[in-house]
Amino acid sequence: MELDRIEKLIEKYFEAETSIAEEKELKDYFASSDVAQHLEQYKPIFGYTVHAKQEQFKALIPLNSKKRKNVVWLSVAASVIVLLGVGLFTFNHGSQSKTDDYGTYDDPEVAFRETQKALAMISEHVNKGIGSIEYLNQFEQSKNKIFKK
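Criteria and cut-off values
- Residues numbered from 1 in each chain as written.
- Predicted model: local features only at pLDDT ≥ 70, side-chain atom pairs only at ≥ 80, totals over all residues.
- Heavy atoms only, no water.
- Core = buried A, V, L, I, M, F, W, Y, C linked by side-chain atoms within 4.5 Å.
- Buried < 20%, exposed > 50% of the residue type's maximum accessible area, 1.4 Å probe, protein only.
- Helix = DSSP H or I, 4+ residues; strand = E, 2+ residues; numbered from the N terminus.
- Contact = heavy atoms within 4.5 Å.
- Axes fitted to C-alpha atoms, helices over the stretch in contact; angles between N-to-C directions.
- Parallel < 35°, antiparallel > 145°, perpendicular 65-115°, else oblique.
- Left-handed = near helix turned anticlockwise from the far one by under 90°.
- Nonpolar A, V, L, I, M, F, W, Y, C, P; charged D, E, K, R; others polar.
- Patch = residues over 30% accessible without salt bridge, like charges linked within 9 Å, V, L, I, M, F, W, Y side chains within 5 Å.
- Areas by Shrake-Rupley, 256 points an atom, 1.4 Å probe, with all protein chains shown as cover.
- Salt bridge = Lys/Arg side-chain N within 4 Å of Asp/Glu carboxyl O.

Engineer: Can you help me understand the nonpolar core in this one?
Structural biologist: Proteins that are soluble and globular tend to have nonpolar side chains buried together. Formed by Ile6, Leu9, Ile10, Leu26, Tyr29, Phe30, Val35, Ala36, Leu39 and Phe46, the largest nonpolar core amounts to ten residues. Where this core is concerned, the elements lending two or more residues are helix 1 (2-14) and helix 2 (20-31). Not counting the four nearest positions on each side in its chain, Leu26 is found in contact with Ile6, Leu9, Ile10, Tyr13 and Phe46.

Okay, here's the thing in C-alpha coordinates:
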(Lines give C-alpha, C1' and ligand atoms only; values in the text may rest on other atoms or scores of the structure.)
Protein backbone atom coordinates (compact mmCIF):
# COMPACT_ATOMS: atom_id res chain seq x y z
CA MET A 1 0.00 0.00 0.00
CA GLU A 2 2.73 2.44 0.95
CA LEU A 3 4.72 1.59 -2.17
CA ASP A 4 1.72 2.45 -4.39
CA ARG A 5 1.33 5.77 -2.59
CA ILE A 6 5.02 6.61 -3.09
CA GLU A 7 4.80 5.76 -6.80
CA LYS A 8 1.73 8.01 -7.16
CA LEU A 9 3.54 10.80 -5.31
CA ILE A 10 6.54 10.47 -7.64
CA GLU A 11 4.26 10.81 -10.65
CA LYS A 12 2.60 13.87 -9.08
CA TYR A 13 6.04 15.28 -8.29
CA PHE A 14 7.16 15.09 -11.90
CA GLU A 15 3.86 16.67 -12.98
CA ALA A 16 4.53 19.52 -10.48
CA GLU A 17 1.30 18.82 -8.60
CA THR A 18 2.63 17.85 -5.16
CA SER A 19 2.18 19.86 -2.01
CA ILE A 20 4.99 20.66 0.38
CA ALA A 21 3.79 17.96 2.78
CA GLU A 22 3.83 15.35 0.00
CA GLU A 23 7.33 16.37 -1.04
CA LYS A 24 8.45 16.07 2.57
CA GLU A 25 6.96 12.58 2.64
CA LEU A 26 8.95 11.67 -0.48
CA LYS A 27 12.16 13.06 1.03
CA ASP A 28 11.60 11.12 4.24
CA TYR A 29 10.97 7.91 2.31
CA PHE A 30 14.11 8.23 0.19
CA ALA A 31 16.18 9.22 3.24
CA SER A 32 15.28 5.91 4.92
CA SER A 33 17.17 2.69 4.28
CA ASP A 34 14.20 0.59 3.05
CA VAL A 35 13.74 2.04 -0.48
CA ALA A 36 12.25 -0.31 -3.09
CA GLN A 37 14.71 -1.63 -5.67
CA HIS A 38 12.91 -0.17 -8.70
CA LEU A 39 12.76 3.28 -6.98
CA GLU A 40 16.49 3.46 -6.19
CA GLN A 41 17.02 5.59 -9.29
CA TYR A 42 15.05 8.47 -7.66
CA LYS A 43 17.06 8.42 -4.45
CA PRO A 44 19.63 11.05 -5.60
CA ILE A 45 16.82 13.45 -6.54
CA PHE A 46 15.12 13.39 -3.16
CA GLY A 47 18.14 12.58 -1.05
CA TYR A 48 20.05 15.58 -2.31
CA THR A 49 18.43 17.95 0.17
CA VAL A 50 19.60 15.88 3.13
CA HIS A 51 23.19 16.14 1.92
CA ALA A 52 22.80 19.80 0.96
CA LYS A 53 21.72 20.72 4.49
CA GLN A 54 24.88 19.18 5.90
CA GLU A 55 27.25 21.01 3.56
CA GLN A 56 29.23 23.92 4.94
CA PHE A 57 31.39 26.51 3.27
CA LYS A 58 34.91 26.07 4.61
CA ALA A 59 37.07 28.10 2.23
CA LEU A 60 38.85 31.19 3.50
CA ILE A 61 37.99 34.48 1.91
CA PRO A 62 40.96 36.85 1.83
CA LEU A 63 40.11 40.37 2.87
CA ASN A 64 41.75 42.99 0.72
CA SER A 65 42.15 45.89 3.14
CA LYS A 66 44.67 47.72 0.93
CA LYS A 67 41.93 48.66 -1.50
CA ARG A 68 39.89 50.08 1.37
CA LYS A 69 42.80 52.28 2.46
CA ASN A 70 43.08 53.73 -1.03
CA VAL A 71 39.41 54.70 -0.99
CA VAL A 72 39.82 56.45 2.36
CA TRP A 73 42.85 58.43 1.17
CA LEU A 74 41.08 59.31 -2.06
CA SER A 75 38.06 60.67 -0.20
CA VAL A 76 40.29 62.69 2.14
CA ALA A 77 42.18 64.17 -0.82
CA ALA A 78 38.94 65.06 -2.59
CA SER A 79 37.64 66.81 0.54
CA VAL A 80 40.83 68.84 0.88
CA ILE A 81 40.66 69.91 -2.78
CA VAL A 82 37.03 70.99 -2.42
CA LEU A 83 37.81 73.00 0.72
CA LEU A 84 40.79 74.69 -0.95
CA GLY A 85 38.67 75.56 -3.97
CA VAL A 86 35.90 77.08 -1.84
CA GLY A 87 38.47 78.96 0.26
CA LEU A 88 40.27 80.43 -2.76
CA PHE A 89 36.99 81.39 -4.43
CA THR A 90 35.80 83.15 -1.27
CA PHE A 91 39.15 84.90 -0.79
CA ASN A 92 39.29 86.18 -4.38
CA HIS A 93 35.68 87.33 -4.45
CA GLY A 94 35.92 89.03 -1.07
CA SER A 95 39.01 91.04 -2.05
CA GLN A 96 37.61 92.12 -5.45
CA SER A 97 34.35 93.53 -4.19
CA LYS A 98 36.14 95.84 -1.74
CA THR A 99 38.49 97.38 -4.31
CA ASP A 100 36.02 97.97 -7.16
CA ASP A 101 34.47 101.42 -7.28
CA TYR A 102 31.73 100.42 -9.75
CA GLY A 103 32.21 103.48 -12.02
CA THR A 104 31.23 106.20 -9.57
CA TYR A 105 32.14 109.79 -10.41
CA ASP A 106 32.76 112.69 -8.08
CA ASP A 107 32.21 115.34 -10.75
CA PRO A 108 28.56 115.51 -11.87
CA GLU A 109 29.43 116.85 -15.35
CA VAL A 110 31.75 113.92 -16.09
CA ALA A 111 29.05 111.54 -14.87
CA PHE A 112 26.52 113.27 -17.16
CA ARG A 113 28.80 112.93 -20.23
CA GLU A 114 29.48 109.24 -19.52
CA THR A 115 25.77 108.61 -19.08
CA GLN A 116 25.07 110.30 -22.43
CA LYS A 117 27.67 108.08 -24.11
CA ALA A 118 26.14 104.94 -22.63
CA LEU A 119 22.61 105.97 -23.62
CA ALA A 120 23.74 106.85 -27.15
CA MET A 121 25.32 103.42 -27.52
CA ILE A 122 22.12 101.74 -26.28
CA SER A 123 20.02 103.90 -28.63
CA GLU A 124 22.20 102.93 -31.59
CA HIS A 125 21.73 99.21 -30.90
CA VAL A 126 17.99 99.61 -30.33
CA ASN A 127 17.65 101.46 -33.65
CA LYS A 128 19.44 98.60 -35.42
CA GLY A 129 16.92 96.21 -33.87
CA ILE A 130 14.00 98.36 -34.98
CA GLY A 131 15.40 98.39 -38.53
CA SER A 132 15.44 94.60 -38.49
CA ILE A 133 11.82 94.57 -37.38
CA GLU A 134 10.92 96.71 -40.40
CA TYR A 135 12.17 93.89 -42.65
CA LEU A 136 9.97 91.50 -40.72
CA ASN A 137 6.95 93.77 -41.28
CA GLN A 138 7.63 93.83 -45.02
CA PHE A 139 7.94 90.05 -45.05
CA GLU A 140 4.65 89.71 -43.18
CA GLN A 141 2.87 92.02 -45.66
CA SER A 142 4.26 90.11 -48.66
CA LYS A 143 3.27 86.81 -47.12
CA ASN A 144 -0.25 88.07 -46.49
CA LYS A 145 -0.54 89.18 -50.15
CA ILE A 146 0.56 85.78 -51.41
CA PHE A 147 -1.38 83.68 -48.91
CA LYS A 148 -4.66 85.56 -48.60
CA LYS A 149 -6.57 84.76 -45.48
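Engineer: Help me out: how do you make sense of the packing of helix 1 against helix 2 in this one?
Structural biologist: When two helices pack together, their arrangement is given by the angle between the helix axes and by the axis-to-axis distance. At a minimum axis distance of 10 Å, the contact between helix 1 and helix 2 shows a crossing angle of 120°. Between helix 1 and helix 2, the angle is such that the two are oblique. Once helix 1 is placed against helix 2, the crossing between them reads as left-handed. Here Glu2, Leu3, Arg5, Ile6, Leu9, Ile10, Lys12 and Tyr13 of helix 1 come into contact with helix 2, specifically with Glu22, Glu23, Glu25, Leu26, Tyr29 and Phe30. A class-by-class count of the residues in the contact of helix 1 with helix 2 yields eight nonpolar, no polar and six charged.

Engineer: Can you help me understand unusual backbone geometry in this one?
Structural biologist: With the exception of glycine, the majority of residues adopt a negative phi angle, and the majority of peptide bonds are in the trans configuration. Phi is positive for Ala16, which is not a glycine, with a value near 60°. Structurally, the position occupied by Ala16 is in the loop between helix 1 and helix 2.

Engineer: Could you clarify how one ought to interpret a nonpolar patch on the surface in this entry?
Structural biologist: A surface patch of nonpolar side chains, about 510 Å² in accessible area, is lined by Val72, Trp73, Val76, Val80 and Leu84. Along the chain, the position of Val72 falls in helix 4 (residues 65-99).

Engineer: Is there a simple way to think about the pattern of salt bridges in this case?
Structural biologist: Pairs can form between side chains of opposite charge whenever their charged atoms are close. A full pass over the atoms with the stated rule returns five salt bridges. A salt bridge links Asp28 to Lys24; the shortest N-O distance between them is 3.3 Å. Taken together, the residues Asp28 and Lys24, both in helix 2 and four residues apart, mark about one turn of the helix. Among the ionic pairs, Lys117 bridges to Glu114, the shortest N-O distance being 3.4 Å. Of this pair, Lys117 and Glu114 both sit in helix 5 (residues 108-146), three residues apart, roughly one helical turn. Overall, Lys117 belongs to the exposed group, its relative accessible area being 54%.

Geometric descriptors of this kind do not, in isolation, establish any biological role.
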